[in-house]
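# Chains, contacts and geometry: an overview
Listed here are the chains, written in short residue letters.
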Amino acid sequence: MLKIAVCVSGGGTNLQALIDGVQNGLITNTRIVRVISNNRNAYALERAKQAGVDAVCVSPRDYDDRGQFNQALLKAVDEAEPDLIVLAGFLVVVPPELIRKYENRIVNIHPSLIPSFCGTGYYGLKVHEAALARGVKVTGATVHFVDEGTDTGPIIMQKPVAVQEGDTPETLQRRVMEEAEWVILPESIHLIANGRVQVTDGHVKISG
Ligand code: GAR
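Residues numbered from 1 in each chain as written. Predicted model: local features only at pLDDT ≥ 70, side-chain atom pairs only at ≥ 80, totals over all residues. Heavy atoms only, no water.

### Here's the deal with the pattern of salt bridges
Applying the stated criterion across every chain, the model contains 8 salt bridges. The shortest N-O distance in the salt bridge between E79 and K75 comes to 3.4 Å. A residue pair is termed a helical-turn pair when its members lie 3 or 4 positions apart in one helix, as E79 and K75 do in helix α3 (residues 66-79) at 4 residues. On the basis of relative accessible area, E79 is assigned to the partly exposed category, the value being 48%. Judged by relative accessible area, K75 falls into the exposed class, the value being 53%. It is possible to trace a salt-bridge network through shared partners that takes in R34, D54, K75 and E79. (Salt bridge = Lys/Arg side-chain N within 4 Å of Asp/Glu carboxyl O. Helix = DSSP H or I, 4+ residues; strand = E, 2+ residues; numbered from the N terminus. Buried < 20%, exposed > 50% of the residue type's maximum accessible area, 1.4 Å probe, protein only.)

### So, the site of the ligand
Around the ligand lies a shell of 14 residues, among which G12, T13, N14, G124 and E181 are the nearest. With respect to the ligand, the side chain of N14 contributes an N or O atom lying 2.9 Å from an oxygen atom. Contact distances for the ligand include 3.3 Å between a nitrogen atom and a side-chain N or O atom of H110. The protein chains hide 91% of the 450 Å² of surface that the ligand would expose on its own. Here the ligand is seated within the largest pocket. Every element with two or more residues in the shell around the ligand is listed here: α1 (13-24), β5 (106-110) and α6 (169-193). By residue class, the composition of the shell around the ligand is 6 nonpolar, 7 polar and 1 charged. (Near = heavy atom within 4 Å. Polar contact = N/O pair within 3.5 Å; in protein donor to acceptor, adjacent residues only side chain to side chain. Areas by Shrake-Rupley, 256 points an atom, 1.4 Å probe, with all protein chains shown as cover. 1 Å grid on protein atoms, 1.4 Å probe; cavity = no way out; pocket = protein on both sides within 12 Å on 5 of 7 lines; lining within 4 Å. Sits in = over half its atoms within 2 Å of the grid points. Nonpolar A, V, L, I, M, F, W, Y, C, P; charged D, E, K, R; others polar.)

### Here we look at α6
Between the first and last C-alpha of α6 there are 33 Å, a value that for 25 residues agrees with the 36 Å anticipated at 1.5 Å per step. Just downstream of α6 lies G195, where phi reads positive at about 65°. (Expected span 1.5 Å × (residues − 1).)

### Observations concerning the sheet that holds strand β1 (residues 2-8)
Taking strand neighbours across the sheet as the criterion, the 7 strands line up as β3-β2-β1-β4-β5-β6-β7 in an open arrangement whose pairing is mixed. For this open sheet the edge positions go to β3 (55-57) and β7 (155-162), each flanked by a neighbour on one side alone. Strand-to-strand, the axes of this sheet are offset by a mean angle of 20°, without reference to chain direction. (Pairing = 2+ DSSP bridges. Axes fitted to C-alpha atoms, helices over the stretch in contact; angles between N-to-C directions.)

### Observations regarding the nonpolar core
Grouped together as the largest cluster of nonpolar side chains are 39 residues, with contacts concentrated most on V6, V86, V107 and I189. Here this core takes 9 residues from α6, the largest share from any one element. The contact partners of V6, leaving out residues within four places of it in the chain, are L15, L18, I32, R34, V35, I36, V86 and A88. Counting 19 residues, the second-largest nonpolar core is a separate cluster that includes I85, L87, Y102 and I106. (Core = buried A, V, L, I, M, F, W, Y, C linked by side-chain atoms within 4.5 Å. Contact = heavy atoms within 4.5 Å.)

### Things to note about the packing of aromatic side chains
Think of a pair of aromatic rings as described by two things: how far the centres are apart, and how the planes are tilted against each other in angle. Applying the stated criterion across every chain yields a total of 1 aromatic pair. The interplanar angle of 55° and the centroid separation of 6.4 Å between the aromatic rings of Y63 and F69 together place this pair among those described as tilted. For Y63, a relative accessible area of 29% gives the class partly exposed. (Phe/Tyr/Trp six-rings, centres within 6.5 Å; stacked < 30°, edge-to-face > 60°.)

### Some thoughts on the packing of α1 against α6
Relative orientation of the contacting elements α1 and α6 amounts to 50°, with a least axis distance of 9 Å. With respect to α6, the element α1 is oriented oblique. Here α1 and α6 pass one another in a crossing that is right-handed. In contact with T13, N14, A17 and L18 of α1, α6 contributes M177, E181, W182, L185, P186 and I189. In the contact of α1 with α6, the residues fall into 7 nonpolar, 2 polar and 1 charged. (Parallel < 35°, antiparallel > 145°, perpendicular 65-115°, else oblique. Left-handed = near helix turned anticlockwise from the far one by under 90°.)

### Side note on the environment of G12
Counting through the fold element by element, G12 comes out in the loop between β1 and α1. For G12 and D64, which are 52 residues apart along the polypeptide, the C-alpha to C-alpha distance reads 27 Å. Filtering out sequence-adjacent residues up to four positions away, G12 remains in contact with A44 and R47.

Okay, structure coming up:
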C-alpha cells in the first residue's frame, strides 16, 4: 500500500481528484495519509476533512524565519511516514532538505507542457496568462518528480490541451484541469503505487 502525503495551498481540485480516484478504484494500492497546507484558509483542508483524511496547516506566518518553517514542514511530512509526497497545487518553495530526503519520492503537477511556461514565477493563473500572451495553440499539464531545480525533475506524464479562440486565463485553466490535470495526476499515482514507474539517469520509464 503506497502511503501518500498531499501538500496543497488553495482550492484543492487536484486533491479531490486523488480522493475520488482512491474511492472509485481508479487509483489502487494507495492511501492518503495526510494533507498539509501552508494556508489555513485553503478549501483543500475542508475537502480533506470531508473525506476523513488527517489535515494539518503549517503556515510560514507562525514561524520567525524560513528555516523554522522548513523544519516544521519536514516534521509534518515525516510524522505521516509517507512513501510518496504529492504537490497538488503547493505554491511554496520546497525546502532542499525535504527534496534530498525524499529523492524521487516527491511528485508535482504543473499546468503546462514542461519545458514551456515553467520555472520560477510560473504558477497557477500566471502560467495560463503567459501561454495566452505567447499565442500557443496547444498547452497542457505535466506530472514530474521534484528535484532541486524548479520544474526540472524527471517527467512522468504529460497531456496536451487545445487553446480555443476567446480563451481567458480562467477558461484555459479550467480546461487544462478538466482535460489534463485531473486525469494524469491520478493516473501517475496509480502507476507509481503499482511499481510501474522507474527513474534511470533522470528519465522515467513506465512498464507494463
Ligand atoms: C493547479 O492548476 C496546479 O497545476 C497548479 O496550481 C493549481 C492548483 O489548483 N500548480 C502550479 O502552478 C505549480 N507550479 P487546485 O488547488 O485546485 O488543485
